[in-house]
Amino acid sequence: MPQEKAADKETAPRSTDIAVCEVLEFCEGVVETAFDRATAIRPCPIGAEGACCKHCAMGPCRLVGKVERGVCGATRATVAARNFARQVAAGASAHSDHGRGMAFALLAVAKGEAHGFRIRDEAKLHAVAGYMGIKTEGRSVNEIAREVAETALAEFGKQAGELIYLSRATKPRQEIWRKERIAPRGVDREVVELMHRTHMGTDQDAENILDQCLRVALGDGWGGSMMATDISDILFGTPTPLQSQVNLGVLKEDEVNVVVHGHEPTLSEMIVAASTDPELVEYAKSKGAQGINLAGICCTANEVLMRHGIPPAGNFLSQELAIATGAVEAMIVDVQCIMQSLVEVASRFHTKLITTSPKAKIEGATHIEYDEVHAYNSAKEILKAAIDNFPNRGNTLIPKVGEGLIAGFSHEYVRYMQGGLYRGSFRPLNDAIIQGRIRGLAGVVGCNNARVDQDAPTVKIVRELIKNDVLVAVTGCAATGAAKYGYLRPEFMAQAGAGLREVCEAIGIPPVIHVGSCVDNSRILTILTQCATEGGLGEDISDIPAVGICPEYMSEKALSIGSYFAASGAYTLFGLPSPVANSPEVVDMMVSGWLKRFGGAIEFEPDVDALIQKALSLIDEKRRALGLVEYDPDRFGQSGDRVLEEVLARLPEGELLNVYSTER
Ligand code: NFS
């Protein structure tokens, strides 16, 4: 499909982030960004709706207008389901290959082959060994770690049976998966089988294709992603709350700025460690800098934020702008969500774009390959290249825009914060939901998308949910988006409804909790499972008054996440047009069909207000089904810290503005 005429520049989506807007102005005419390209390129309406089949050389067939079938006879439903399923397979592969990488890293550490790494969380190692049925008594940490790593690796190539982690779901959920025959066998096996089934002339029953899509997605959520989270915690520590800053204002005028971008935490962990190496700090000083300043972009940012408090410079659509400040000496990327345009943007400034994974080279970038064995030395080499680049810095514009935040809410901490080490449980949270203090729960996750104003849908949804007493857990770029506007600060409980505010005050948490990167959506599965097993809110995730929301989805990974949320019993709303809209039959399968079989669904709702209303009504429906008291926004709010309220009353309410500048 040829690109249609350029969209109207005046009405094209931009960003609601004032820091991003400032840099866009600074680099106007010098740098082309995703915002410009999104204005110039209209999305192909045929591809966007899942109406184009290019699975064989008789096509591509466009099933639009009066065309109901492709040359081979494939129907609109088959084509839409196949396209969607392949997207999920790509997304699940990205997460799962990341999980595999973590398992290899753990194996290398256990064998003593990974210089610079060690096991930081032995308690988590023991817990994970327990899930995997691995004996721990009388064995050394490295012996246990080795067996955990080998067992994890075997999950990828497993040919029969079920993934071990499925046993971490509630019993009723496991029964549903078995009854509906979607329990995944091995992570890789399900992806390969999906690619086979969606080859020309194979599976031509949309529902059967979608079932395989769910097997793949569950292999991501309860397999690759969950293992990635667990092993990252074992190697680098399970997150606990910490303070940091967010947005482009975290870059420093007088230090060597190094931005880590991508997804896998192994290299970035070493970069964090090496950045305080006295030898390198001295070297930076010898080049005229005051030190080395690390910042993150995308999910790598979330990994190093959650464990070290390294500040995120921004989310997905901020990546080009970080370089366009002119103040970044090196951007170090590994895998996923990295725009190829970074090479071009970097060429306009002095920034070195350094690729580090053999899986992700970019033409024109500097490639310094990283491996676990020489991790610390690779990290030093990369930082040295950044320091050497400091004297080449030209004009800069670092917006004085930043915002404080609290992150680090692992599911272990969420449990701990409700009663401490000995009495930790989900009882207080469940009770608060039962009483109606908290109306329900929402996981707000996923990307930025240049087709909508950066952060606007996410922030509006988060703001309305907390105002309506919904406790929100965020991950990925949605977390960074919410953070940029202050929602990850405890003071922002002022914008929450009275009931939710009381709970936040009692525990001392923000109304929006940051649970991690995109693979850490597995933590949301664990939190919901623990709510279900705690009692009082039914027996399964599908009983809990909870929704999943992906306001600004862009990546195939988001579709995989939505699919495993749905198959795990969560109704998931996406804030963009449906990629299966060309087949009302497939749309219906993913909503009412999945709802009936799994208690969860995927629905696409580009109207943000309608999405918010839908989310609240889904939560209220679950409350009614559980026989809980009807939610009443005026029932609570008689307690609470009045002094704090007075302070908070001075904050601007609900504005789409970054409220604090770094100057204050
Ligand atoms: Ni996840 Fe989206 Fe990418 Fe992370 Fe951001 S774009 S699906 S949030 S960085 S993976």
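What you are looking at is a predicted structure, and each value in this text was computed from that prediction instead of being measured. Along each chain, the written sequence defines residue order, and numbers are assigned to residues from 1. Only residues with pLDDT of at least 70 are given local features in this predicted model, and only at 80 or more are side-chain atom pairs given and counted; all residues enter the totals for whole chains, interfaces and linings. Side-chain calculation: all heavy atoms of the structure are included, whereas hydrogens and water are not.

Here we look at helix α11 (residues 278-286)
Along an α-helix, a turn takes 3.6 residues, which lines up residues three or four apart on a common side.
Item 1. Between N or O atoms, a polar contact is any pair within 3.5 Å; within protein, one atom must be a potential hydrogen donor and the other a potential acceptor, and residues adjacent in sequence are included only when both atoms are from side chains. For helices the rule is a DSSP run of H or I covering at least 4 residues; for strands it is a run of E covering at least 2, with both sets numbered from the N terminus onward. Capping the start of α11 is the job of one residue whose side-chain oxygen sits 3.0 Å from the backbone nitrogen of E279: D277.
Item 2. Looking at the residues trailing α11, positive phi occurs at G288, about 95°.

Examining the side chain of E269
Item 1. Along the chain, the position of E269 falls in helix α10 (residues 265-274).
Item 2. We call a residue buried when its accessible area falls under 20% of the maximum for its residue type, exposed when it is over 50%, and partly exposed in between, using a 1.4 Å probe and counting protein chains only. Positive: Lys, Arg. Negative: Asp, Glu. His and the chain ends are not part of the count. We count a salt bridge whenever a side-chain nitrogen from Lys or Arg sits within 4 Å of a carboxyl oxygen from Asp or Glu. Here E269 occupies a buried position and makes no salt bridge, while the nearest side chain of opposite charge, R307, is found at 4.8 Å.
Item 3. Whether two residues are in contact is decided by their heavy atoms, any of which lying within 4.5 Å being enough. Those residues in contact with E269 that lie beyond four places of it in its chain are F236, R307 and H308.

Points about the environment of R120
Item 1. Summarising the element assignment, R120 is placed in the loop between α4 (76-110) and α5 (122-131).
Item 2. Expressed as a C-alpha distance, the spacing of R120 and Q243, which sit 123 residues apart in the sequence, is 21 Å.
Item 3. Every residue in contact with R120, bar those within four places of it in the chain, is listed here: I234, L235, F236 and G237.

A word on the domain arrangement of the chain
By convention, interface size is frequently given as the accessible area that disappears when the constituent parts associate.
Item 1. Domain assignment breaks the chain into domain 1 (76-236), domain 2 (248-392) and domain 3 (411-650).
Item 2. Bear in mind that the domain bounds are from an automatic or database domain assignment. A C-alpha centroid distance of 29 Å is found between domain 1 and domain 2.
Item 3. The partner domain 2 presents 15 residues to the 15 residues of domain 1 that form the contact.
Item 4. Using a 1.4 Å probe, buried area is obtained as the accessible area two parts lose upon being combined, added over both of them. With both chains or domains summed, domain 1 and domain 2 bury close to 1300 Å², and 61% of this area falls on carbon and sulfur atoms.
Item 5. Ranking the residues of domain 1 by area buried against domain 2 places H98, F117 and F236 at the top, with a combined share of 41%.
Item 6. Two residues, R307 and D233, come together in a salt bridge whose shortest N-O distance is 2.7 Å.
Item 7. Taken together, domain 1 and domain 2 are joined by three residue pairs in polar contact (both at pLDDT 80 or more).
Item 8. Secondary-structure elements contributing two or more residues to the side of domain 1 that touches domain 2 are α4 and α9 (206-236).
Item 9. Among the elements that make up the side of domain 1 that touches domain 2, the one with the highest residue count is α4 (six residues).
Item 10. For this classification, Asp, Glu, Lys and Arg are treated as charged, while Ala, Val, Leu, Ile, Met, Phe, Trp, Tyr, Cys and Pro are nonpolar and the rest, including Gly, are polar. Taken together, the residues of the side of domain 1 that touches domain 2 break down into six nonpolar, six polar and three charged.

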